[in-house]
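# Coordinates in review
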Amino acid sequence: MNTVLTLSKNACNNCYKCIRICPVKAISFNDRRTKIEQSRCIACGKCFILCPQNPQSNRNNLIRTKAYLANGKTLVASVDSAYVAYFGEDYKRLAGVLKQLGFQYVEETTLGIDKVYEEYRKSIFSKEQKYFITTTCSTMNLWVQKYYSELNPYMLQVVPPMIAHGKMLKEKYGYQCKVVYFSPCIGAKAEFIEFVKEGAVDAVFTFYDLEKWINKEEIDLASAEERSFEDEGTRQAKLFPTEGIFALRELAGLDGRDFIRVEGAGQCKEVLECMKQGSLEPAIVELCFCNNGCITGSSFSRSKGNLFKRKKQVCRYSETAAERVIKEAEGFPFDFSRSFSDRKPEHKIPERDVLESILKEMGKMKRSDELNCGTCGYQTCRQKAEAIYNEMAQTYMCLPFMRNKSETISNLIFEHSPNFIFLVGRDLKIKSINPAAIHHLQVEKSEGDDLHLVSIIDFSNFVEVFETKKNIYGKKIRLEDKNLTVILNLLYIEKQDVILAILNDITKEEEKEKELLRMKKNTVEAAEHVIAKQMRVAQEIASLLGETTAETKVILTRLMELTLNQSGD
C-alpha cells in the first residue's frame, strides 16, 4: 500500500500526541513505536503537524518530477489558489520561480474548481435525493468512505478540482505533458493515489514541499521575477480557500433546500452523524475538514503570517481577478465523474468478558478505576481496551496504571528491604526513612516532627558528599552506641539535591568472623601443645635408646676380648 505519511520509527518518545490528535485513531503503537495504519488513515495530517520527531511525507513526488525534467518532459503546474495565503507578499513571484524550476506552463487550479461547480450543478438538478455532499476536500472524501460509507450515495460523484484541472491541462498542452499539483494539504497526496491510473495528475506537492524544493535549489523567492499565470479561474473560485464553492449558496436556494458549510473535524463529524441518522433537513452540505478552510491546511503549520492576514490576502487576491463566465470551463471531452466505495477498516468489537479482562490487565478492576484521563491518546479506558483488542495499543500506555505499578514496586522494595534506607537533604534533615532503618537505628520520630541526621549517625561523610558531589561506596563504619557494624553507601542525586543512604548491616557477619578467628587461634594453640608434647616423648625415647645401646656395646666388647684370650691359650 502506498504510504503518504510516515512517523519517525526510531525517534518516538512515547508521548502519544499523535494518537490523541488523530480524529479516527488510525495510529497503532507496538514495540514502543508508532505506525500510521493506512487502511484507517484519512490523511488529515494532524499527526504530521504535531509530532516533534520530524515525521516525513512521501518524497517520491520530487524524485519523479526531477526525472520528468531530466527526460525532457513538458511540465505543467496546477497551483491551488491558497498559495497566496501561504507565500504572503511573495505570491506574485511564485509563477516565475516555478518557471525557474523547469515548468513550462503554470496555471491556477481555480479553473478546475469552476468546472467542478458546473458538474455539481448538473448533478443536483438531475437527481432527487435528500442530501448532496460536496467532494472537494480530500480528507473528507476519505473519512466518508472509511467511516460513513452508508453516506456514499449522497456524495456528489464528481472528481476533485485537482483531477478536473489535470484533465483540462492534458487536453490543452498535450497528453504527453506531466501535470504537477501544488496543494495546501497532505490529503491531496492520498487522494491522488486513487486517480493515478487516470493519468490526469502525475505528482502532488504540498506548499511546504515546494518551499523546501525552492530553498534546496537556492532560489530567492523575494527577489524572483514576477510572472503571470497562463490561465486562471473566476473571482468566486479564487475565494475557495476561505469560502468554499461560494456559488453553491445560490444554487441551494434555487433548489429549495438548505445550504450548510461545515468546517472543522468535530463539526463535520456531527453533521455526518446527523445525516447517518436522517435527522438533518434536506441540504447541500459542503464539508471542509480544516477550521477556516484550506488556509489552515497541514502545510500552513509552518507558514508565515497569522490567520487573519491570510484571509485578507485571499480576499484581496480575488478582487484582482478579471470578470469571466464559468461556462468557459465547459467543452472538454472528459468524463468528470467518480465513484465512492465502502472502505471501512476492520474493527473488531470484543465480547463483554474479554473487554473486562483487558481492563483488568490495565489495572481497571472497577468502574471508579477508569479515569478516562486521555493521556494514552484515547478518550476513555474502554476505547483504549478496544484498541488493545484490535492490536492498535498496549496496556503499558496507561500512565496512571504504570505510575501506580512503579510506585507499588518501589514502595515494596523500600518498605521490606532489610537494608537501612533514608533520604537526606542538604540541611541534613531526613526526608524519608524505611522501617528497617527506624527499627535498627532506634529512631524515635513522631508524625510531623523533623528528623535530623545527627540523631542517627555521624554526618561528616554526608557533608563530604554534598561538598564534593562524589559518591561513597562500601565504607565500613562502627556505630558503637547502636552496637552495629555497617557498610555505608552514599549516592548524591543532583537533580533533587539529596543523598540516598543505604546501610548494609554486617554486625552478625562481623561477630561470626571474630568467632572464627577465636576458634582458629584456639586450634593453633592446641596444635602447638600437642606438637611440643610429642617432641618431649620423642626425646625421652631417644635418650632411653641411647643408654641401652651403650651398655650393649660394653658387654659385647668384653665378650670379644674374653673369646680372643681363650683362643690364644
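Placed above this text is the structure.
About the thresholds
- Residues numbered from 1 in each chain as written.
- Predicted model: local features only at pLDDT ≥ 70, side-chain atom pairs only at ≥ 80, totals over all residues.
- Heavy atoms only, no water.
- Helix = DSSP H or I, 4+ residues; strand = E, 2+ residues; numbered from the N terminus.
- Buried < 20%, exposed > 50% of the residue type's maximum accessible area, 1.4 Å probe, protein only.
- Contact = heavy atoms within 4.5 Å.
- Areas by Shrake-Rupley, 256 points an atom, 1.4 Å probe, with all protein chains shown as cover.
- 1 Å grid on protein atoms, 1.4 Å probe; cavity = no way out; pocket = protein on both sides within 12 Å on 5 of 7 lines; lining within 4 Å.
- Points joined across faces, edges and corners; volume = space filled by probe spheres on them.
- Pairing = 2+ DSSP bridges.
- Axes fitted to C-alpha atoms, helices over the stretch in contact; angles between N-to-C directions.
- Core = buried A, V, L, I, M, F, W, Y, C linked by side-chain atoms within 4.5 Å.
- Parallel < 35°, antiparallel > 145°, perpendicular 65-115°, else oblique.
- Left-handed = near helix turned anticlockwise from the far one by under 90°.
- Nonpolar A, V, L, I, M, F, W, Y, C, P; charged D, E, K, R; others polar.
- Polar contact = N/O pair within 3.5 Å; in protein donor to acceptor, adjacent residues only side chain to side chain.
- Phe/Tyr/Trp six-rings, centres within 6.5 Å; stacked < 30°, edge-to-face > 60°.
- Lys NZ or Arg CZ within 6 Å of the ring centre and 35° of its normal.

Once that is clear, we can look at the overall build of the chain. In terms of regular secondary structure, the chain is built from 21 helices and 16 strands. Burial statistics for the chain: of 569 residues in total, 46% are counted as buried. A sequence separation of at least 24 residues applies to 69% of the contacts in the chain between residues at least 6 apart. As displayed, the chain offers around 30,500 Å² of accessible surface, 51% of which is attributable to carbon and sulfur atoms.

Under the counting rule described, the total for this entry stands at seven cavities of 30 Å³ or more. Looking at the lining of the largest cavity, the elements with two or more residues in it are helix 7 (138-147), helix 8 (161-173) and strand 8 (178-183).

Taken together, four strands build an open sheet; the order of strands is 6-5-8-9 and the sheet is parallel. The sheet is open, and its two borders are formed by strand 6 (105-108) and strand 9 (203-206), each paired with just one other strand. Ignoring which end each strand starts from, the neighbouring axes of this sheet average 25 degrees apart. With four bridges connecting them, strand 8 and strand 9 associate as parallel partners. Counterpart to Phe182 in the pairing with strand 9 is Phe205. On top of the sheet, helix 3 (residues 60-70) reaches strand 5 (75-79), strand 8 and strand 9; it is set at about 125 degrees to strand 9, its chief contact.

It is worth spelling out the nonpolar core at this point. Of all hydrophobic cores here, the largest spans 53 residues; its most connected members are Trp143, Met275 and Phe289. Elements that contribute at least two residues to this core include exactly helix 1 (17-21), strand 2 (27-30), strand 7 (131-133), helix 7, helix 14 (265-277), strand 11 (283-288), helix 16 (352-361) and helix 17 (381-389). If you tally residues by element for this core, the top one is helix 14, at five residues. Beyond its immediate stretch of four places on either side in the chain, Trp143 contacts Pro23, Val24, Ile42, Tyr148, Ala265, Cys268, Lys269 and Phe289.

The volume enclosed by the largest pocket comes to roughly 720 Å³. Taken together, 25 residues line the largest pocket, and the ones lying closest to its centre are Pro23, Val24, Lys25, Tyr147 and Lys269. Of all the secondary-structure elements, those providing two or more residues to the lining of the largest pocket are helix 7, helix 14 and helix 17. Sort the elements by how many residues they give to the lining of the largest pocket and helix 14 lands first, with four residues.

Turning our attention to the environment of Gln236. With respect to the helices and strands, the residue Gln236 is situated in helix 11 (residues 235-238). When the C-alpha atoms of Gln236 and Ala321 are compared, they prove to be 9.1 Å apart, with 85 residues separating the residues in sequence.

Pairing in this open sheet of three strands is parallel, and the strands run 7-11-10 from one edge to the other. Every other strand in the sheet has two partners, leaving strand 7 and strand 10 (258-263) as the edge strands with one partner each. Between one strand and the next, the sheet's axes are offset by a mean angle of 20 degrees, whatever the strand orientation. The sheet strands contacting helix 14 are strand 7, strand 10 and strand 11, and the helix crosses strand 11 at an angle near 145 degrees.

A few words now on unusual backbone geometry. For residues other than glycine, phi is negative in most cases, and the peptide bonds are mostly trans. One non-glycine residue with positive phi stands out, namely Ala43, at about 55 degrees. Despite not being glycine, Asp497 has its phi angle at roughly 55 degrees, a positive value. If you trace the backbone, Asp497 turns up in the loop between strand 15 (484-493) and strand 16 (498-505).

So, on to the packing of helix 7 against helix 9 (residues 187-194). A pair of packed helices is captured by two measures, namely the crossing angle of their axes and the spacing between those axes. At a minimum axis distance of 8 Å, the contact between helix 7 and helix 9 shows a crossing angle of 60 degrees. By the criterion of interaxial angle, the relationship of helix 7 to helix 9 is oblique. In this structure, helix 7 crosses over helix 9, and the sense of that crossing is left-handed. Together, Ser138, Thr139, Asn141, Leu142 and Gln145 of helix 7 and Gly187, Ala188, Ala190, Glu191 and Glu194 of helix 9 make up the contact between the two elements. Here the residues of the contact of helix 7 with helix 9 sort into three nonpolar, five polar and two charged.

For the rest of this paragraph, the subject is the side chain of Ser298. Note on placement: Ser298 falls in the loop between strand 11 and helix 15 (307-319). On the basis of relative accessible area, Ser298 is assigned to the buried category, the value being 4%. Reaching out from Ser298, the side chain makes a polar contact with the backbone nitrogen of Ile186 at a distance of 2.9 Å. When neighbours within four sequence positions are excluded, Ser298 is seen to be in contact with Cys44, Gly45, Ile49, Pro184, Cys185 and Ile186.

Time to look at the packing of aromatic side chains. Scanning all chains against the criterion turns up 19 aromatic pairs. Between Phe29 and Tyr396, the aromatic rings sit 6.2 Å apart at their centres with planes inclined by 75 degrees, giving edge-to-face as the arrangement. Taken together, the residues span a long stretch of sequence, with Phe29 in strand 2 and Tyr396 in the loop between helix 17 and helix 18 (399-416) at a distance of 367 residues. Under the relative-accessibility criterion, Phe29 is labelled buried at 0%. Judged by centre distance (5.5 Å) and plane angle (75 degrees), the rings of Tyr86 and Phe300 are edge-to-face. Linking Tyr86 in helix 4 (residues 83-86) with Phe300 in the loop between strand 11 and helix 15, this pair joins segments that are 214 residues apart in sequence. Classification of Tyr86 by relative accessible area gives buried; the value is 3%. An aromatic cluster is built from Tyr83, Tyr91, Phe229 and Tyr317, whose rings are joined through pairwise contacts. The ring of Phe340 has Arg338 lying over it, and the distance from NZ or CZ to the ring centre is 4.0 Å.

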